[in-house]
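# Descriptive analysis of the structure
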Amino acid sequence: VKGGNLELEVEEWNTKLYASAISIVPEKFPDSDIPYIEYTSIKPRKLQEDYLSGGAIYDNGSFKTHLGYIARVSEYDRENDVLAGYPRWNQAGHIALDFSLTRKIGVMLDYKYDMLTEDRLTMFKTSYRFGPNVVAAMGVNIIGTNPDEESFWSQYENNDSVYSSFKYTF
């Protein structure tokens, strides 16, 4: 994996702008000096994955919002390579909101939408701070997919989750 990130902080607006590029470059020997095709006799075609992203983050201390976009810019051909996995995101927009309602109560909403596959990932969390070191939270993660199309998230469509957490910071 290789890539880079550029950030520009605009302090008078409490905003950070960013742009990034990342490439996943397949290697001949991913785990050791022995090619893995000797173990399986399967030789899948290795594809390089390239992504570009950009966005803005606003943070004034009690309210934080993040708007972002990521695009896969490399070729993707599932029909000619049955062992290739689906990419998580192809052309996805992202919005996240994080509110501190009081010093003790916080609420977070995070929504991602892929415009190519119509996949959606919605995360909501509320937290309560008992003291400077103890936080309890409850949340829900909801996965939505287009039933007419296969994608990375299709296999997780029925894995919506409700969770709770209890954290102590040393």
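Everything discussed here concerns the structure shown above.
We now turn to the structure provided with this report. Quick caveat, the model's predicted, so the values are computed rather than measured.

Across its full length, the protein chain holds one helix and nine strands. Put simply, the protein chain runs from its N terminus to its C terminus through helices and strands in the order β-β-α-β-β-β-β-β-β-β. Residues counted as buried form 25% of the 170 residues belonging to the protein chain. When contacts within the protein chain are restricted to residue pairs at least 6 apart in sequence, those whose partners lie at least 24 apart make up 41%. Accessible surface, the protein chain: about 12,000 Å² in total, of which carbon and sulfur atoms supply 56%.

Our next topic: the packing of aromatic side chains. Counted by the stated rule, this structure contains eight aromatic pairs. Between the aromatic rings of Tyr128 and Phe130, the centroid separation amounts to 4.9 Å while the plane-to-plane angle is 75 degrees, which identifies the pairing as edge-to-face. Taking 5.0 Å as the distance between ring centres and 85 degrees as the angle between the ring planes, the aromatic pair formed by Phe152 and Trp153 counts as edge-to-face. For Phe152, a relative accessible area of 15% corresponds to the buried category. Taken together, Trp89, Phe152, Trp153 and Tyr156 form an aromatic cluster joined through their ring pairs.

For the rest of this paragraph, the subject is the pattern of salt bridges. Applying the stated criterion across every chain, the model contains three salt bridges. Lys112 is the partner of Asp110 in a salt bridge, and the nearest nitrogen-oxygen pair spans 2.9 Å. Take Asp110 and Lys112: they sit in the same class, and that class is buried.

A few words on the pairing of strand β5 (residues 91–100). Of the pairings in the sheet, the one linking strand β4 (residues 63–72) to β5 comprises nine bridges and is antiparallel in character. Within the sheet, the bridge partner assigned to Thr65 lies in β5 and is Leu97. For β5 and strand β6 (residues 105–114), the ladder comprises nine bridges, and the chain directions are antiparallel. Each residue of the ladder has a partner; that of Ala92, found in β6, is Asp114.

Residues Phe99, Leu101, Ile105, Tyr128, Phe130 and Phe166 make up a contiguous nonpolar surface patch of about 610 Å² in total accessible area. Under the relative-accessibility criterion, Phe99 is labelled partly exposed at 34%.

Each value, and the rule that gives it
- Residues numbered from 1 in each chain as written.
- Predicted model: local features only at pLDDT ≥ 70, side-chain atom pairs only at ≥ 80, totals over all residues.
- Heavy atoms only, no water.
- Helix = DSSP H or I, 4+ residues; strand = E, 2+ residues; numbered from the N terminus.
- Buried < 20%, exposed > 50% of the residue type's maximum accessible area, 1.4 Å probe, protein only.
- Contact = heavy atoms within 4.5 Å.
- Areas by Shrake-Rupley, 256 points an atom, 1.4 Å probe, with all protein chains shown as cover.
- Phe/Tyr/Trp six-rings, centres within 6.5 Å; stacked < 30°, edge-to-face > 60°.
- Salt bridge = Lys/Arg side-chain N within 4 Å of Asp/Glu carboxyl O.
- Pairing = 2+ DSSP bridges.
- Patch = residues over 30% accessible without salt bridge, like charges linked within 9 Å, V, L, I, M, F, W, Y side chains within 5 Å.

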